[in-house]
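Chain and residue survey
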Amino acid sequence: MHSDWSTVSVDMEITNQCGSECLMCPREGIIRPKGMMSDNAFKIVSDKLVREGSLITFSGMGDPLSHPRVFEWISGIRSKNSDVGIVINPASLNKGISQKLIESRPNSITISFPSIQKEVFEKLCPTVLFEEALKRTLELVDLSRGKVGLRIAGITTEINGDEQKDYVSFWKLRDIRAVMTACHGRGGNLKDSDIYELKTSSLDSGRCGLFQFHTFVTWEAEVLACCHDLTGATRIGDLINDDVSIIAERKQNILKDVMPFPVCQQCDEPLRLYPPPQGPPPKSRKERTRFFRSISRDNLS
Ligand code: SF4
Ligand code: SF4
């Protein structure tokens, strides 16, 4: 299993392309190249991460469901007895896609469904009507029952700050696990927004909690500090040419001091406040699951 904490969890941005225009997403500011991960890059990167026992999640600054190989790649990782989750948006769902997604058997699906208030939802996700998004989400939920772990993720912003209780009850009534977290500024990239205001971005220790156990890989196999880096300025290496151990060593060196990246100075991502993990990295899936339960966003907020 894991030789180091830094790749216990890995977000793999299989693409940074997306047809949605969510208001809480600063993706219009991406200046690093845009594209889709190639078969070759996926094979090399996923083989390394599977050997390491990483929990891989297809997410990042793009829509993983728009990648033509997404279902094949999920099945491929699962067939190697490894774990993979995916974060999706209801705008990309239809019956056929939902069916294929469930058949590919990811370990978990997180559906980003910002709000249950129609007006708020349609302001935050202007490319899909609330009723349509709800219909597609409930179709996927029905297909997932007894097969794939699924949860809904909402977001509190300046226009729905008091929604949390109603949101969780709404989904609970439908027997669906849901969490709501506060909108954050994606490393200072969410600018000129009437749905978000920066409250605090101080990092008392100067070190990022998320960076300690989590690694972000772009569609080009570049390892960046995290997905909030829209420029590629936090490059640590790449998983085509570098071994996981090299990346881990570079990350450990960075963690010896305060985070050196400008994007971190404006970051209010809640998980950055997580204290250093204690002891050796998880030796089994069970230990890894226990670790993630202990640091869930619900526990931090
Ligand atoms: S939040 Fe996700 S679905 Fe929305 S625009 Fe950003 S990448 Fe696309
Ligand atoms: S401090 Fe924020 S921007 Fe920096 S690595 Fe951590 S989560 Fe990313």
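Notes on the structure follow. In this text, all values refer to a predicted model and were calculated from it rather than measured experimentally.

How each quantity is defined
Residues numbered from 1 in each chain as written. Chains lettered and ligands numbered in written order. Predicted model: local features only at pLDDT ≥ 70, side-chain atom pairs only at ≥ 80, totals over all residues. Near = placed C-beta within 6 Å. Helix = DSSP H or I, 4+ residues; strand = E, 2+ residues; numbered from the N terminus. Nonpolar A, V, L, I, M, F, W, Y, C, P; charged D, E, K, R; others polar. Pairing = 2+ DSSP bridges. Contact = placed C-beta atoms within 7 Å. Axes fitted to C-alpha atoms, helices over the stretch in contact; angles between N-to-C directions. Buried ≥ 20, exposed ≤ 12 C-beta atoms within 10 Å, placed from the backbone.

**Examining the site of ligand 2**
Close to ligand 2 lie 14 residues, the nearest being Gly187, Cys208, Cys226, Cys264 and Cys267. Broken down by secondary-structure element, the contributors of at least two residues to the shell around ligand 2 are α7 (209-213) and α9 (262-265). Taken together, the residues that form the shell around ligand 2 break down as 10 nonpolar, two polar and two charged.

**Quick notes on the sheet that holds strand β5 (residues 149-156)**
If you trace the nine strands from one edge of the open sheet to the other, you get β6-β5-β4-β3-β2-β1-β7-β8-β9, paired in mixed fashion. Only two strands of the sheet have a single partner each, and these edge strands are β6 (177-182) and β9 (237-238). One ladder, built from four bridges, connects strand β1 (residues 9-12) with strand β2 (residues 55-58); its direction is parallel. Along β2, the bridge assignment pairs Met12 with Phe58. Sitting on the sheet, helix α6 (residues 164-173) is in contact with β5 and β6, with an inclination near 160 degrees to β6.

**Remarks on the environment of Val8**
Its location among the elements puts Val8 in the segment before β1. The exposure class assigned to Val8 is buried, which follows from the 23 C-beta atoms found within 10 Å. Taking the C-alpha atoms as reference points, Val8 and Ile56, 48 residues apart in sequence, are found 8.7 Å from one another. For Val8, the contacting residues outside a window of four places in its chain are His2, Ser54, Leu55, Phe213, Pro281, Pro282 and Arg288.

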